[in-house]
Amino acid sequence: SASEKHDQISPKPDYDNSVGQMGELFRYATQPSSRKELEGLYEKGFADAERWCYEEELREKELLSKWLDEQRQKGELEEAIRRGDLL
C-alpha cells in the first residue's frame, strides 16, 4: 500500500484462514449478499474503525509528548546558552 500503516483502516488479518478471509472480502465486492451478511460486514467495519480511532488517539498523544519533550529540551538549551553555561 502507498499509505502509511496508521492511515489505513482494514480488518486485522486472519492468520489462521487468510485465504478464506480474502475470498470472503472479494465475494462481498463482486457478488450479491444477504442482509445478514452485509450487517455482519458493517459491524466488522465499525469495529475496525473504532480500533483505528483508538490507535490514532494513542499515536497523537505519543507525538504530542515527543514534541513537548523536544520543546522543553530546546528551552533548557536556550536558557543554558543565555546563562553562559555552555561557553
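Presented here is a report on the structure given in the accompanying data block.

Parameters at a glance
- Residues numbered from 1 in each chain as written.
- Predicted model: local features only at pLDDT ≥ 70, side-chain atom pairs only at ≥ 80, totals over all residues.
- Heavy atoms only, no water.
- Phe/Tyr/Trp six-rings, centres within 6.5 Å; stacked < 30°, edge-to-face > 60°.
- Lys NZ or Arg CZ within 6 Å of the ring centre and 35° of its normal.
- Helix = DSSP H or I, 4+ residues; strand = E, 2+ residues; numbered from the N terminus.
- Patch = residues over 30% accessible without salt bridge, like charges linked within 9 Å, V, L, I, M, F, W, Y side chains within 5 Å.
- Areas by Shrake-Rupley, 256 points an atom, 1.4 Å probe, with all protein chains shown as cover.
- Salt bridge = Lys/Arg side-chain N within 4 Å of Asp/Glu carboxyl O.
- Buried < 20%, exposed > 50% of the residue type's maximum accessible area, 1.4 Å probe, protein only.
- 1 Å grid on protein atoms, 1.4 Å probe; cavity = no way out; pocket = protein on both sides within 12 Å on 5 of 7 lines; lining within 4 Å.
- Points joined across faces, edges and corners; volume = space filled by probe spheres on them.
- Nonpolar A, V, L, I, M, F, W, Y, C, P; charged D, E, K, R; others polar.
- Axes fitted to C-alpha atoms, helices over the stretch in contact; angles between N-to-C directions.
- Parallel < 35°, antiparallel > 145°, perpendicular 65-115°, else oblique.
- Left-handed = near helix turned anticlockwise from the far one by under 90°.
- Contact = heavy atoms within 4.5 Å.

## Some points on the packing of aromatic side chains
Point 1. One pass over the full model with this rule turns up 1 aromatic pair.
Point 2. When the ring centre of Tyr 28 is taken as reference, the NZ or CZ atom of Arg 27 above it lies at 5.0 Å.

## A few points about the environment of Leu 64
Point 1. Counting through the fold element by element, Leu 64 comes out in helix H2 (residues 35–83).
Point 2. Sequence separation between Leu 64 and Pro 13 is 51 residues, and the spatial gap between their C-alpha atoms is 30 Å.

## Observations regarding a nonpolar patch on the surface
Point 1. Together, Leu 64, Trp 67 and Leu 68 make up a nonpolar patch on the protein surface, roughly 310 Å² of accessible area in all.
Point 2. Residue position: Leu 68 is located in helix H2.
Point 3. You can call Leu 68 partly exposed: its relative accessible area is 42%.

## Digging into the layout of surface pockets
Point 1. Taken as a whole, the largest pocket holds about 260 Å³ of empty space.
Point 2. The wall of the largest pocket is formed by Lys 5, His 6, Gln 8, Ser 10, Pro 11, Lys 12, Pro 13, Arg 51, Trp 52, Glu 55, Glu 56 and Arg 59.
Point 3. Among the residues forming the lining of the largest pocket, the class breakdown is 3 nonpolar, 3 polar and 6 charged.
Point 4. Considering only enclosed or pocket space, the second largest pocket measures out at about 190 Å³ in volume.
Point 5. Lining the second largest pocket are Pro 11, Lys 12, Asp 14, Asn 17, Gly 20, Gln 21, Glu 24, Leu 25, Leu 41, Lys 44, Gly 45 and Asp 48.
Point 6. For the lining of the second largest pocket, the secondary-structure elements that each account for two or more residues are helix H1 (18–30) and H2.
Point 7. Within the lining of the second largest pocket, the residues separate by chemical class into 3 nonpolar, 4 polar and 5 charged.

## Examining the packing of H1 against H2
Point 1. Direction vectors running N to C along H1 and H2 enclose 120°, while the axes themselves pass 12 Å from each other. It follows that H1 is oblique to H2 by the angle criterion. Crossing hand, H1 versus H2: left-handed. Of H2, the residues touching H1 (which contributes Glu 24, Leu 25, Arg 27 and Tyr 28) are Glu 37, Leu 41 and Lys 44.
Point 2. For the contact of H1 with H2, the residue count by class is 3 nonpolar, no polar and 4 charged.

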